[in-house]
Each structure stands twice: as structure tokens, then as C-alpha cells.
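A closer look at the structure
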Amino acid sequence: MSQRRNGRAPDKGSYDLVGGGGSGNQQMPGGGDEDQDLSFTETDHIRSSVVRLAGGLGDDRAPTAQEGMMRRPGSLAADTSLEIAMLESGAGTAADSPSPSRYQIDREKNEEQSFRQSDAYREAERDVMRRTLEEINKVANKRIRDGFSEVNFTLGVLNVILVSFTFALWPQHFWLLFLVEGILFVGAKSRTFWRSKPLNNILYLLDYCWVMNILALFVLIFFVLDGLLLNPSGEALHRQVFMSSLGTACGPLLGACFILPFVCCLFHDINTLSDLFIHIFPPMVAFTLKWESAEIQQAWPNIFLLDYTDEVSFFPNESSSFFSCVVGSTITLYLVWFVLFTAWMLIIGIDMPRSDRIGPDGQQIVPTYDTVFHSLMRGGLYIITGSTFFGRNKAISVDHMNANNFYLGDLFVYLGAHAFLSILATVLLGYLCFHSKAMHGFLLAAVTAVVVYRGALRYTYYTTEMYSKTLRKQFAHLLEEDG
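An account of the accompanying structure is given in this report.

The rules behind these values
Sequence order as written defines the numbering, with residues in each chain counted from 1. For a predicted model such as this one, the threshold for reporting local features is a pLDDT of at least 70, and the threshold for listing and counting side-chain atom pairs is 80 or more; totals across whole chains, interfaces and linings nevertheless cover every residue. Computation of side-chain values: all heavy atoms of the structure, hydrogens and water removed. Note on conventions: DSSP H or I runs of at least 4 residues are helices, E runs of at least 2 residues are strands, and numbering of each starts at the N terminus. Here's how the labels work: a residue is buried when its accessible area is under 20% of the maximum for its type, exposed when over 50%, partly exposed in between, all with a 1.4 Å probe on protein chains only. Contacts are residue-level and defined by heavy atoms, with any inter-residue pair within 4.5 Å sufficient. What sets the accessible areas is the Shrake-Rupley method with a 1.4 Å probe; for residues, cover comes only from the shown protein chains. We define a nonpolar core as any set of buried Ala, Val, Leu, Ile, Met, Phe, Trp, Tyr and Cys residues linked to one another through side-chain atoms lying within 4.5 Å. Note on aromatic pairs: the rings of Phe, Tyr and Trp (six-membered ring only in Trp) are paired at centre separations within 6.5 Å, and the planes decide the class, stacked below 30 degrees, edge-to-face beyond 60, tilted for the rest. Axis definition: a line fit to C-alpha positions, over the contact stretch in the case of helices; interaxial angles, taken between N-to-C directions, run 0 to 180 degrees. Roughly parallel means an angle under 35 degrees; roughly antiparallel, over 145; roughly perpendicular, 65 to 115; everything else is oblique. Each crossing is labelled by how the near helix is turned from the far one, with a counterclockwise turn of less than a right angle marking it left-handed and a clockwise turn marking it right-handed. Residue classes follow a fixed rule: Ala, Val, Leu, Ile, Met, Phe, Trp, Tyr, Cys and Pro count as nonpolar, while Asp, Glu, Lys and Arg count as charged, and any other residue, Gly among them, counts as polar. In a helix, the anticipated span is given by 1.5 Å times the number of residues less one. When a carboxyl oxygen of Asp or Glu is within 4 Å of a side-chain nitrogen of Lys or Arg, the pair counts as a salt bridge. Patch definition: residues with relative accessible area over 30% and no salt bridge; like charges joined within 9 Å; nonpolar side chains (Val, Leu, Ile, Met, Phe, Trp, Tyr) joined within 5 Å. In protein, a polar contact means a hydrogen-donor-capable atom and an acceptor-capable atom, both N or O and within 3.5 Å, with residues adjacent in sequence counting only if both atoms are side-chain atoms; elsewhere, any N or O pair within 3.5 Å suffices.

**Focus on the overall build of the chain**
When helices and strands are tallied, the chain shows 16 helices and 0 strands. Each of the 483 residues in the chain was classed as buried or not, and the buried ones make up 38%. Residue pairs in contact within the chain that sit at least 24 positions apart in sequence constitute 66% of those at least 6 positions apart. Roughly 28,000 Å² of accessible area belongs to the chain as shown, and the carbon and sulfur atoms make up 61% of that amount.

**Section: the nonpolar core**
Counting residues in each nonpolar core, the largest one holds 80 residues, and the members touching the most others are Phe242, Phe304, Phe373 and Tyr414. Sequence-distant contacts of phenylalanine 373, that is, excluding residues within four places in its chain, are made with Met345, Ile350, Phe406, Asp410, Leu411 and Tyr414.

**Some details on the packing of aromatic side chains**
Considering all chains together, one arrives at 32 aromatic pairs under this definition. Consider the rings of tryptophan 175 and tryptophan 300, whose centres lie 5.1 Å apart with planes at 85°: the pair is edge-to-face. Residue tryptophan 175 is located in helix α6 (residues 174-195), and its partner tryptophan 300 is located in the loop between α10 (293-299) and α11 (326-347); the two are separated by 125 residues in the primary sequence. Geometrically, the ring pair formed by phenylalanine 178 and phenylalanine 281 is stacked, given 6.2 Å between the ring centres and 25° between the ring planes. With phenylalanine 178 in helix α6 and phenylalanine 281 in helix α9 (residues 270-291), this pair connects stretches of sequence that are 103 residues apart. The buried category is assigned to phenylalanine 178, whose relative accessible area is 4%.

**Examining the packing of helix α7 (residues 208-228) against α9**
Closest axis-to-axis distance for the α7/α9 pair is 10 Å, and the angle between their directions is 65°. Between α7 and α9, the angle is such that the two are roughly perpendicular. For the crossing formed where α7 meets α9, the hand is left-handed. Contacts between α7 and α9 involve Cys209, Trp210 and Asn213 from the former and Ser274, Asp275, Phe277, Ile278, His279 and Pro282 from the latter. Here the contact of α7 with α9 is built from residues that sort into 5 nonpolar, 3 polar and 1 charged.

**Some words on helix α12 (residues 372-390)**
The terminal C-alpha atoms of α12, which comprises 19 residues, lie only 22 Å apart, well short of the 27 Å expected from a rise of 1.5 Å per residue. Among the residues of α12, those classed as buried are Val372, Phe373, His374, Met377, Gly380, Tyr382, Thr385 and Gly386. Elements that come into contact with the buried residues of α12 comprise α11, α13 (394-403) and α14 (408-435). Looking one or two places after α12, you find glycine 391, whose phi comes out positive at around 60°.

**Considerations on unusual backbone geometry**
Following lysine 197, the chain continues to proline 198 via a peptide bond in cis, the omega torsion being 0°. Counting through the fold element by element, proline 198 comes out in the loop between α6 and α7.

**Thoughts on the pattern of salt bridges**
Under the defined criterion, the tally for this structure stands at 7 salt bridges. One salt bridge connects glutamate 311 with arginine 239, and the closest N-O pair in it is separated by 3.7 Å. Remark: arginine 239 occurs in helix α8 (residues 235-259) and glutamate 311 occurs in the loop between α10 and α11; sequence separation between them is 72 residues. With a closest N to O distance of 2.6 Å, arginine 378 and aspartate 370 form a salt bridge.

**So, the environment of phenylalanine 174**
Within the element layout of this structure, phenylalanine 174 appears in helix α6. Along the chain, phenylalanine 174 and threonine 288 lie 114 residues apart, while their C-alpha atoms are 7.5 Å from each other. Look past the residues within four positions of phenylalanine 174 in its chain and what remains in contact with it is Val163, Thr166, Phe167, Phe281, Met284, Val285 and Thr288.

**Focus: a nonpolar patch on the surface**
Judged by side-chain polarity, Val151, Leu155, Leu158, Ile161, Phe165, Leu169 and Trp170 come together as a nonpolar surface patch covering roughly 710 Å² of accessible area. Within the secondary structure layout, isoleucine 161 lies in helix α5 (residues 150-169).

**Re the side chain of arginine 354**
Its place among the elements puts arginine 354 in the loop between α11 and α12. Within the structure, arginine 354 has its side chain in polar contact with the side chain of aspartate 351 (distance 3.2 Å). Here the side chain of arginine 354 touches aspartate 356 through a polar contact of 2.9 Å, side chain to side chain. Residue contacts for arginine 354: discarding those within four places in its chain leaves Ile365, Pro367, Ala403, Asn404 and Asn405.

Dropping the structure here:
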């Protein structure tokens, strides 16, 4: 007898899954044709679950046997078909019902939380991008203020070409180029010093290198005026100026090109070119005065008197005293500057940039001017001199650097080192340049390579590391958290 419809459950093993064994029916084994009439397909099962709909599923929405196994509770495919049918019939979805399923509630919560997290993440990304662009713009604007532009770069390159051609082809006129460019560079640098903040840097012009160059410009102007008056000053003054100028240019100024890291060739930056000018131009002018003296005197007979160049000695000898030779004249000129500068620093300069000074009225004195000594000490030299010569703790040195309040002992170390290196450069480099044209030219070529290489390093930094370094500094706290 066939299976009865009295709710009695058939044997569990008597069912055949839809799509399994090639049959879409549930059959009892051994049943006849009447058993086929009792088959309950997947289509009938899903139709029966939506009989409450007014229009039913419709033939076009009825699932087929190819959709897989018979519907189980919680089946995502059946839920989807049911919701589509309910939407088309106007009955709404399960989400609109008074009692939504737990699955739907969890899904809505997850979606809402995901949206909130996405919005917060996007806002954080926008904030990081804004800060990044701000930092990049700050760096770019600073470079522009420093003269980083196409026009300045072009003028810098053209000036290097002009200097090279004039030095090589017209050495007898090179002093005139030094005079013209010296006035321009000293004027531009003085303007920068005066406008510098927070401290005015105009007193940097009291440094030895600047004083010697400014003095050289005044001497050249004086010689031009003197030549118009047919040399009333006489040969003795010209000879003394020649000796002291040659030793100063080929000694301390040339040696500074090798030692000072800020002396470099940056085509766009007039301030850096000014530093380069005062150190490399004087030994080039000295080269023309020493080794091209005949051409210079022939071109400018009333301005330069150079008949004595072959008679001048570098060191004192039987015919020349200490003050009438190159090394003696150079050291004497240096000592004049050294005594005046030391006295000024001890009396006035040492306290000018200090930020912890108290006036007679009990009020703090706001510093206005800076000095070269204080600038070098703040750059880290104070820590080196303190630990090397005085056993001073680094923390104490840093406190003094922040207040610009330095010990006199460090000033004496600085002045002593300055004097020793200047005199040593005069004796060694000056002697080589005085006795050998080839060595003089070689030293000029070597120092040119050094300053160009430093400039190349600076440009490489501008184009590769500057922005990444700025960003790492700005977001250091975030990188530390990630680490």
C-alpha cells in the first residue's frame, strides 16, 4: 500500500534528494504509479511557504530542480527568493515585518558599524593627506624664499660661465669683475643679515673673511681713484697691499674653502654664492696679480704698480724684514683684526645674544643681535669644546646653547683655533701658491671641485631626501606607535 497522508513520517532512508540519483521526487522504495502522484517537489515546497501571498510566486519566479537541494530552514537562497516575491506582491520584506529575524538585525548592526568605521578611516586619511601637503608646501615655500627659482638658477649658471671665461681669457681684467660682483654680493648678503630673524645677523660682517673682502673692495676703489690722480700714494703702499693681500687670499681664505662645509656652489642661492665669493674669488684675483702681473700693468698702468713682484720674498731674509715679506705682512694684518675682534667680543659681543640677561630695572633684556661665535657654538661646537677641554656635561652645554650664554673659556678656544689655522694656512698654502704657478692653479682647481661637490650633495638632498625627512619628522609620533 502506498504511503498514507496521515502525518506518519516515512523512513528517513526512503527519501531521495532533489537532483540526486537523477530523480526530483521523494519516493518509497517499491512503490507503484500511485506513489508517483504523492511526490513532493522542491517547487511545491517553496510554493507552499508563500501561499499567504495574494498573487503567489508566479510561474516565472518558481524555483526549479536545477536550484539544488530542497529548501532547509535558514537557507540563503530560499530567503532571497521569498523576499523578491514579497516585494513584487506588495507584502514588503522581512526587514519591514514587526519581528525581524536575528540574522537581519545582526546584519544591519554590522553594516552600520562598518559604515561608521569607513567614515572614520576616510576622515583620518584626509587629515593625514592635509598635514602632509601642508608640510611639503612649507618646505617648498622656504626654498622659494631662499631663491630657488628658474631665473636665479639661470643667472647663477651664467655667472659661473662669465667668471670662468674672464679668468681664462682676460685675466688682466679679472680684478674689475671682482670689484663689481663684490659690491653686489656684499650688498645682498648685508641685506639678508639685516633682515634675519629672530636675531639680527649684521654683526657677522665683523668676521675675518668678511672684513678682509670688504677691505679689499675699498682698497681697489682707492687704487682706481688714486690712478686717476696719477698715483700720488706711491709704490710703497701698493707693495705692502700686494704682499698682505696675496698671503691673506692664498692662506686663510683659500684654506677656509676646504674646511667650512657651507662654502659650496649653489647656482640659485645668492646667499650661498656670497659665502663662496668671499672665499674663492680672492685667491683667483691673487693668481692674476702674481702670475699675470705684466698683462695687468700693461692694461691698467695707472692703477696697479707691479714692477716689484719679482723682488718680493715670502719669508724674511737678508734684504727683507718680517714686515716687508709676504708672511710678515699677512700675519700683521691678521693680528690687527684679531686684537680688535677679541676686545669687542670680551667687552660687548659675548653677551649680546644672551636671552637670560636682566636689566637695571629688573626686566629681562630682549636680545637683538647675533655673532658668528654664538652661531658656531649653537651649531654643536660648544658641546665639542665643553667635553674636550672642560669636561662639561652635555646637558649643561645644551642649556647654555639654548640661552646663548657661553663661557669665556670656549671663546678663547675658538679664537685660539682660528688664529692657529689662519697662520698655518698662510705658511703652508700661501707658500705653495707664491712659489709655483702650477701649484696655485692646482689648489684653485681642487677647491673648485670641493665646492661643486658640496653643491651637488645639497641638490641631491633637495630632490631625494628633503621631503621624506620633513614628513618623517612631522609624523614621528605615529611611526613610533606603529613600531
